[in-house]
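One-letter residues, chain by chain:
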Amino acid sequence: MLAGVAVVVAGVGAILALLDAGSPLRGPFTLFFLLAAPATAVGAALRRLDPFARAVVSVAGAIAIDLLIAQGMLAVHRWSVTGGIVAVTVISSLVLLLVPVRRRRRRTATRRA
């Protein structure tokens, strides 16, 4: 239940930021999205760590991803809020979607050996 609420809050934050809504919830919900989306992706990639270490590393990874995206956008003079939200969404989605591909390859390599 708590995970569902977190997904809804993050989704609403991304939508509010993309629509440039004047809601007072836009800031906190968008910040939650910017931390939760990459943290979820990094956490999914680190299944072998114990829960506390995975939480710490995934939050640190989320902050690093956000900062690298912001720095890259500033370096090429293409900074925008909507561009940042889209970039975080795309990179987080790619990392999250590559996790099952990596697991499938590992299983296939184990079966061949």
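Residues numbered from 1 in each chain as written. Predicted model: local features only at pLDDT ≥ 70, side-chain atom pairs only at ≥ 80, totals over all residues. Heavy atoms only, no water.

1. Focus: the overall build of the protein chain
Helices and strands together make up the secondary structure of the protein chain, namely four helices and zero strands. If you line up the protein chain on its principal axes, its C-alpha atoms span 55 × 40 × 20 Å. Classification of the 113 residues of the protein chain by burial places 24% in the buried group. Here the contacts in the protein chain between residues at least 6 apart in sequence split such that 50% fall between residues at least 24 apart. By element, 72% of the accessible surface of the protein chain is carried by carbon and sulfur atoms, the whole surface being about 7,800 Å². (Helix = DSSP H or I, 4+ residues; strand = E, 2+ residues; numbered from the N terminus. Buried < 20%, exposed > 50% of the residue type's maximum accessible area, 1.4 Å probe, protein only. Contact = heavy atoms within 4.5 Å. Areas by Shrake-Rupley, 256 points an atom, 1.4 Å probe, with all protein chains shown as cover.)

2. Re helix 3 (residues 51-75)
Its 25 residues place the ends of helix 3 36 Å apart at the C-alpha level, agreeing with the 36 Å of an ideal helix rising 1.5 Å per residue. Taken together, the buried positions of helix 3 are occupied by S58, G61, A62, I65, D66, I69 and M73. H77 lies just past helix 3 and shows a positive phi near 60 degrees. (Expected span 1.5 Å × (residues − 1).)

3. A few points about the confidence of the model for the protein chain
Here the protein chain averages 89 in pLDDT, and 94% of its residues register 70 or above. Here helix 4 (residues 81-112) stands out as the least confident element of the protein chain, with mean pLDDT 84; helix 3 is the most confident, with 95. (pLDDT = per-residue confidence, 0-100.)

4. What to know about helix 2 (residues 26-45)
Over its 20 residues, helix 2 runs 29 Å from end to end, which matches the ideal 28 Å to within 8%, given 1.5 Å per residue. Three or more residues of helix 2 are buried, namely T30, F33, A36, A37, P38, A39, A41, V42, G43 and A44.

5. A short note on the side chain of D66
Relative to the helices and strands, D66 is located in helix 3. No salt bridge is formed by the buried D66. Its closest oppositely charged neighbour is R26, at 16 Å. Once residues within four sequence positions are removed from consideration, D66 is found in contact with L34, L35, P38 and V88. (Lys, Arg positive; Asp, Glu negative; His and termini not counted. Salt bridge = Lys/Arg side-chain N within 4 Å of Asp/Glu carboxyl O.)

6. Considerations on the nonpolar core
A10, A14, A17, F33, A37, V42, I65, I69, M73, I85 and V88 form the largest nonpolar core, which has eleven residues in total. Mapped onto this core, the elements with two or more residues apiece are helix 1 (2-19), helix 2, helix 3 and helix 4. Apart from the residues lying within four places of it in its own chain, the contact partners of I69 are A87, V88 and I91. (Core = buried A, V, L, I, M, F, W, Y, C linked by side-chain atoms within 4.5 Å.)

7. Examining the environment of G72
Relative to the helices and strands, G72 is located in helix 3. Under the relative-accessibility criterion, G72 is labelled partly exposed at 35%. Sequence separation between G72 and A17 is 55 residues, and the spatial gap between their C-alpha atoms is 20 Å.

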